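Architecture at a glance
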Amino acid sequence: MGRVGVFVCTGCGIGASLRTDGFESLAKESGAARLALHPALCAPEGQELLRQAAASGAVDALVIAGCSARHKRLELSFDPEKMPVERVVLREQVTWSHPAGEEDTQMLAEDLLRMGVARAATMKPAERAQETIEPTVLVVGGGLAGLNAALAASGLGHPVVLVEKATRLGGYLTVLKQVVPDVPPYDRLHANPIPELVREIEKDTNIRVLLATRVKEIAGQPGQFAVELEGNGDPITLKVGAIVQATGARPYDASRLSHLGYGQKGVLTTAELDRRLADGSLTVSGSGAIKRVAFIQCAGSRDAQHLPYCSTDCCAASLRQVLQLREAIPGVECSVVFRDLRTPGQLERFYQAVQDRSGVLLVRGEVESVAAGGDGLRVGVSDSLLGEAVEIEADLVVLATGMVPVSADGEAIRQLRDAKKRIEKNESETQRKAAEALAASLAAHEGTEILNLSYRQGPDLPVLAYGFPDSHYICFPYETRRTGVYTAGCVRAPMGWGQAAEDGWGAAMKAVQAIVAARQGEAVHPRSGDVGFASFFLQRCTQCKRCTEECPVGAIDEDPKGTPQYNKLRCRRCGICLGACPERIISYPDYSVDGIASMIKAIEVPEEDEEKPRILALLCENDALPALDDAAMKRTRWNPWVRVIPVRCLGSVNIIWISEALSRGIDGVVLVGCKRGADYQCHFIQGSELANKRMENLQETLTRLSLESERVRVVELGRDEWDRIPAVLDDFAKTLDDLGLNPLKGF
Amino acid sequence: MTTSKPIVVLGAGIAGISAALEAAEAGQEVVLVERDSAVGGRVAKLHRYFPKLCPPSCGLEIDTRRLEKNPRIRVLTRTDLVAAERTDTGWKVTLREEPAWVKPSCTACGECAKVCPTSVPDPFNFGLAKVPAIRIPHLDAWPRRYAMDRAACPADCHQCVEACPAKAVDLSAKERRIDLDAGALVIATGWVPYPLEKLPELGGGVLADVVSNVVLERLASPSGPTGGRILRPSDGRPPRSVVFVQCAGSRDVNHLPYCSSVCCLASLKQTLYLREALPETSVTVCYIDRRAPGRNESMLSKAESAGVKFVKGKVGSVTCAGDGTLRLKLEDQEAGRLTELEADLVVLATGMRPASGELPLHVPRDEDGFALEDRASRLFAAGVAKRPEDVASCVRDATGAAAKAMAAARSH
């Protein structure tokens, strides 16, 4: 147990709303080494008092009781390697939200202080890693995004290895003479940027290019990835610090678009037309010259049967091809059949310029049929603008097929591998059949590996909706679910070339960050700068594999026996492993099962006849807790029997905390965390989901304790729902009131 | 880690915050300059983001924590760029920090606002509410500190000074000049909504119940002027029918010739606010093209399945009948005829104009004022200063721009 110094700020009305005379004995009873009151701990004299205490050698941890930990962070923070700090929130959670001078308010404040002291006593100084960190960035994919990523990482001072599976750099864009405008003038095509980029790459001695090469295996962790590459010659092994995956997109499989005429003579895709324009092979057999070309937009995109999303670039690509065709074949007439013409931003000016050309017809409508007829093809369009069906005659039909990300579903591949292993083991007939069925359903993932990560959770980045390997794609678009591995370009989201080029720079920046963070032993997003790693007391591990399976970033591997192998530089410090572990053997220096459990034990539970229920609220510190702060800013009141404990993520909640609380006579436990499901808001992706699952498993414990299931509640709450959170707490209190007091009180 | 000069990021909206954070977390010294009292820019005023319909404060919570924790970022709020001069190795930058009427020792306790005798229209809520002259700029403002609208204060009023327990109010504060040697500049000055007043034919600035999309965000927000209830400004009643007018000023040679990129999605999102809050209210969107690129396509299906009606056609005029009903004239392109719609509330999906025009330095720009990157001059742009784009694109693009600026700052 560490020696705890308790410092209570009496400013911002705290002193006026509470009786502080009893705090001295409270601190003593809680085991604190010393207590001091101060009218403004955030003011220079207050800060000096804290600094002196920290430097005195008489305390191992500080409790700072005053405003929310989200305030005055600079003024009240200490080096976590030297002095752990626990902030007790008297201002927002007591003074601003409860009536001054009342007994319940006083009891709340005293409980919070006891809880803070109890936790602080368990906190230890954090240690940074002292590891050798490799600065090299590996870029997988030598298309536009990959080329930019390589130049960016090199420009930021890092050696780069650029791996491309083809025999030349440039990716899809290579075949194009020209591209749509990204800078002025916007009314015409611009030169293809690829040749210039390739020249720059070739000049850059910091960049090693490996063509006709694939990744055979990547092991390790950020700053220390061991990479094995295979190409034509001997296998190459190297160490890299971080990885950019820029594997691009492939055109949607047009063989599935026979309803749009694919397979018929004279029907090409965007990519096929690009190749023919490049090699000069554009002819239509039989009919001679091409005089009329019809483009069909959204061929396979915006279509529930095919790609539900919009492929973003096809409208601009078709307009580009219209100009290229008009140049290649003088007098050719082009029609573009579209549902919505999507040329955002300055591409609108390009669209207007194309539209103004003679011989270009834009037709809004739905394509009903593409069939041979007359001396060419006939495109049947239900024309929503003229209100009647029209037919467009064409010698050539171009299907603007969309983009499919070249990603691999690491989780699916892992399941497939596991299923195959089970088939080999052949444990029982039913198991084998189930495994065979699973393997068959996942057969399409066979051989799709790209990064070949030797991770327990699978060899590639996990994918979410539509196969994109992303996570928080609005606020943190480069984040994947593997630390130190970032995606750039069309593998991440469908986009035009200008954006893909910027993406290369952005993803390279993230890769450099991962290396810098590894060097400093710090976490990357979203707990950037956090220090201290998890420690595992492996003697007590039962190899249940929950931590290895539930870690949202795949930080924990397994040895053959199933014992967790923690890769600390992959860790994001969310604490989900700590919540998962039934043996409670995982802790961080400043966040542990024991630490929170000791807070729960510190709550004084009044005897039954006092009729003062106690409610434990475990709040996600990213969203629910700030929402509660906001409610306090608005001076909203809530039930005074609630005791709040912030958690790093709802997924870090260990069930033991809840059974501990209930068996101590606390009347109910409410967990408030982020939204889960497809549009999840959990910063650790599955934390909220996992908490829900675990609470379902908790029901057994509740039955064993003869407690009603309503005593535990999980609530999803958005960061902005400050107006709702007091009601969430009050409503839970009401439910508990209806249930009556916890019968375990006093046992 | 680099030992180069700091990069200076102008503007602390989502693009500027992202550029600053990403560079600093990669080891770069950064100075983030913001004119307002708090960071967050336009996104802080949004109710939700598309397509997840999640609150902006969620990502900003993470970002402000990153700002606070990172020792390599210096955030200067209430600060303007006065001059920037190109040097051989970057820029000589002169900044002017407004007088610190409220010092950083402010604890955000709120005693000052309680006694403030002056109320002013709240700029955060587009003037739809009144707030004290000294106040927290908004609920989640960061830095978490009160700010004073000094120009609105009556002469000789000292009430806030006396009320402040932290003695953080200083009416004798002086403005401060800050000179910096910057390794590169990132312009992330964002955008201004196309002014409603320029669209009088659509009732903009003329009819009370014709509002802009940015105002609707505030009306939908629980911390907005109506506590999150979407009400008609004229009579404070919930509208029974709402029509969205797309391309209000965009894709129009008389106004903005370009497409503002986000208005379709912003409106689709807002139709969902309405369908959720007022299920009885009919919602119609008049559009030229429904532009929902990428995965944002899901917004279109969400709106369609929520019962939102779509009419292809550009609205020509909005007028008001005697009973307060709004009447819209448009060419229904699908029906091929001129038609009229009625509504209680009309939302003009106004576009975005780049806001970098007032900067005291030469920025290469395109014909519509969007800034262009100039690597040789170590001048970069991010976010809507560069092109009309959504939040995800701003973050994406700002990260890349920050990398370019950082690389430029490293080269000598």
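Note that the structure is a prediction, hence the values are computed from the model and not measured.

This part covers the overall build of chain A. Scanning chain A for helices and strands turns up 20 helices and 33 strands. Split into buried and exposed, the 747 residues of chain A put 58% on the buried side. In chain A, of all internal contacts separated by at least 6 residues, the share reaching a separation of at least 24 is 72%.

Looking only at helices and strands, chain B features 8 helices and 22 strands. Relative to the 2.2 N^0.38 estimate, which gives 22 Å for 412 residues, the radius of gyration of chain B is 22 Å and therefore close to what a compact globule would have. For chain B, buried positions account for 59% of its 412 residues.

Contact with chain A, which involves 68 residues of that partner, is made by 64 residues of chain B. Those elements giving two or more residues to the side of chain A that touches chain B turn out to be α6 (144–155), α10 (347–356), α13 (497–520) and α17 (624–633) of chain A. Per-element tally for the side of chain A that touches chain B: the top contributor is α13 of chain A, with 10 residues. Among the residues forming the side of chain A that touches chain B, the class breakdown is 34 nonpolar, 19 polar and 15 charged.

On to unusual backbone geometry. Residues and elements named next belong to chain A. Pro 184 connects to Pro 185 through a cis peptide bond whose omega is -5 degrees. With respect to the element layout, Pro 185 can be found in the loop between β7 (178–179) and β8 (190–191). Cis peptide bonds are those with omega within 30 degrees of zero, and the linkage from His 525 to Pro 526 qualifies with -5 degrees. Note that Pro 526 resides in the loop between α13 and β25 (535–536). With a phi close to 55 degrees, Arg 635 is a non-glycine residue in the positive phi region. Mapped onto the secondary structure, Arg 635 falls in the loop between α17 and β31 (642–647). The backbone phi angle of Ser 706 is positive, close to 55 degrees, even though this residue is not glycine. As for its placement among the helices and strands, Ser 706 is situated in the loop between α19 (687–704) and β33 (712–716).

As a further point, take the pairing of strand β1 (residues 4–9) of chain A. Residue and element names in this part refer to chain A. The buried fraction of β1 amounts to 6 of the 6 residues, a majority that puts the element mostly inside the structure. Side chains Val 4, Val 6 and Val 8 project from β1 onto one buried face, and the interleaved Gly 5, Phe 7 and Cys 9 project onto a second face that is buried too. Sheet analysis places β1 next to strand β3 (residues 61–66), joined by 5 bridges and oriented parallel. From the neighbouring strand, Val 4 faces β3, where its bridge partner is Ala 61. For β1 and strand β2 (residues 34–38), the ladder comprises 5 bridges, and the chain directions are parallel. Counted as the bridge partner of Cys 9 is His 38 from β2.

This part is about the domain arrangement of chain A. Accessible area lost upon the coming together of the parts is a frequently used measure of interface size. Residues and elements named next belong to chain A. Each domain of chain A was delimited in the assignment, giving domain 1 (1–126), domain 2 (137–248 + 455–520), domain 3 (252–405), domain 4 (535–576) and domain 5 (605–747). Computed from C-alpha atoms alone, the centre-to-centre distance between domain 4 and domain 5 is 27 Å. Tallying the contact residues gives 5 residues for domain 4 and 9 residues for domain 5. Tallied by class, the residues present in the side of domain 4 that touches domain 5 amount to 3 nonpolar, 1 polar and 1 charged.

Where strands meet in a sheet, backbone hydrogen bonds hold them as pairs that are either parallel or antiparallel. All names here are of chain B. Here we have 5 strands laid out as an open sheet, ordered β3-β2-β1-β11-β22, and parallel in their pairing. Each edge of the open sheet is held by one strand with a lone partner, namely β3 (73–76) and β22 (379–381). Each adjacent strand pair in this sheet contributes to an overall mean axis angle of 20 degrees, direction not counted. Together, β1 (7–10), β11 (184–187) and β22 form the strand contacts of helix α8 (residues 391–410), whose direction differs from that of β11 by roughly 165 degrees.

A separate point is the confidence of the model for chain B. Overall, the predicted model of chain B reaches an average pLDDT of 96, with 99% of residues at or above 70. Per the prediction output, this complex has pTM 0.97; the corresponding ipTM is 0.97.

What follows deals with the nonpolar core. One finds Val 244, Ala 508 and Ala 511 of chain A together with Val 186 of chain B to be the most contacted residues of the largest nonpolar core, which totals 383 residues. Counting residues per element, this core draws most heavily on α13 of chain A, which supplies 14 residues. Once residues within four sequence positions are removed from consideration, Val 186 of chain B is found in contact with Ile 7, Val 9, Leu 10, Ala 19, Phe 380, Ala 382, Ala 401, Ala 402 and Ala 405 of chain B.

Taking 1.5 Å as the rise per residue, α8 of chain B with 20 residues should run 28 Å; its terminal C-alpha atoms sit 28 Å apart, in good agreement. Extensive coverage of α8 of chain B is indicated by the burial of 19 of its 20 residues.

Residues and elements named next belong to chain A. Where strand β19 (residues 366–373) and strand β20 (residues 376–383) come together, 7 bridges link them in antiparallel fashion. Opposite Val 370, over in β20, you have Val 379 as the bridge partner. Where β19 folds back on β20, the antiparallel hairpin that results is connected by 2 residues, among which Gly 374 adopts a positive phi of roughly 60 degrees. Relative to strand β21 (residues 388–394), β20 is paired through 7 bridges, and the arrangement is antiparallel. Across the sheet, the residue bridging to Ser 382 is Ala 389, located in β21. Hairpin connection from β20 to β21: 4 residues lie between these consecutive antiparallel strands, with Gly 387 at a positive phi of about 75 degrees.

This part covers the environment of Leu 461 of chain A. Residues and elements named next belong to chain A. Within the secondary structure layout, Leu 461 lies in the loop between α12 (429–441) and β24 (485–487). Taking the C-alpha atoms as reference points, Leu 461 and Val 553, 92 residues apart in sequence, are found 9.5 Å from one another. When sequence neighbours within four positions are dropped, the list of residues in contact with Leu 461 reads Gln 245, Ser 407, Gly 410, Pro 469, Thr 480, Arg 481, Arg 482, Val 485 and Thr 487.

All names here are of chain A. Here Val 354 is to be found in helix α10. Considering only alpha carbons, one finds Val 354 and Leu 319, 35 residues apart in sequence, at a separation of 6.8 Å. For Val 354, the contacting residues outside a window of four places in its chain are Leu 319, Val 322, Leu 323 and Val 360.

Right, let's talk about the packing of helix α1 (residues 14–25) of chain B against α8 of chain B for a bit. Residues and elements named next belong to chain B. In contact at an axis separation of 8 Å, α1 and α8 are set at 45 degrees when each is read in the N-to-C sense. As the angle between them shows, α1 and α8 are arranged oblique. Pair α1 / α8 crosses with right-handed handedness. Contact residues: α1 offers Ile 14, Ala 15, Ser 18, Ala 19, Glu 22 and Ala 23, while α8 offers Val 391, Cys 394, Val 395, Ala 398, Thr 399, Ala 401, Ala 402, Ala 405 and Met 406. Among the residues forming the contact of α1 with α8, the class breakdown is 12 nonpolar, 2 polar and 1 charged.

Our focus in this paragraph is the sheet that holds strand β13 (residues 242–245) of chain A. All names here are of chain A. Spatial strand order, β9-β6-β5-β13-β24: 5 strands in an open sheet with parallel pairing. Each edge of the open sheet is held by one strand with a lone partner, namely β9 (207–210) and β24. Pairwise comparison of adjacent strand axes, ignoring direction, gives a mean angle of 20 degrees for this sheet. Where β13 lies against β24, 3 bridges are found, and the strand directions are parallel. Bridging across to β24, Gln 245 finds its partner in Thr 487. Set on the sheet, α6 makes contact with β5 (137–140), β6 (160–163), β9 and β13; between it and β6 the angle comes to about 170 degrees.

Here we come to the environment of Pro 239 of chain B. Tracing the chain through its elements places Pro 239 of chain B in the loop between α5 (213–220) and β14 (241–248). With 157 residues separating them in the primary sequence, Pro 239 of chain B and Arg 396 of chain B have C-alpha atoms 37 Å apart.

Rules used throughout
- Residues numbered from 1 in each chain as written.
- Chains lettered and ligands numbered in written order.
- Predicted model: local features only at pLDDT ≥ 70, side-chain atom pairs only at ≥ 80, totals over all residues.
- Helix = DSSP H or I, 4+ residues; strand = E, 2+ residues; numbered from the N terminus.
- Buried ≥ 20, exposed ≤ 12 C-beta atoms within 10 Å, placed from the backbone.
- Contact = placed C-beta atoms within 7 Å.
- Rg over C-alpha atoms; globule rule 2.2 N^0.38 Å.
- Nonpolar A, V, L, I, M, F, W, Y, C, P; charged D, E, K, R; others polar.
- Pairing = 2+ DSSP bridges.
- Domains from an automatic or database assignment.
- Axes fitted to C-alpha atoms, helices over the stretch in contact; angles between N-to-C directions.
- pLDDT = per-residue confidence, 0-100.
- Core = buried A, V, L, I, M, F, W, Y, C linked by C-beta atoms within 7 Å.
- Expected span 1.5 Å × (residues − 1).
- Parallel < 35°, antiparallel > 145°, perpendicular 65-115°, else oblique.
- Left-handed = near helix turned anticlockwise from the far one by under 90°.

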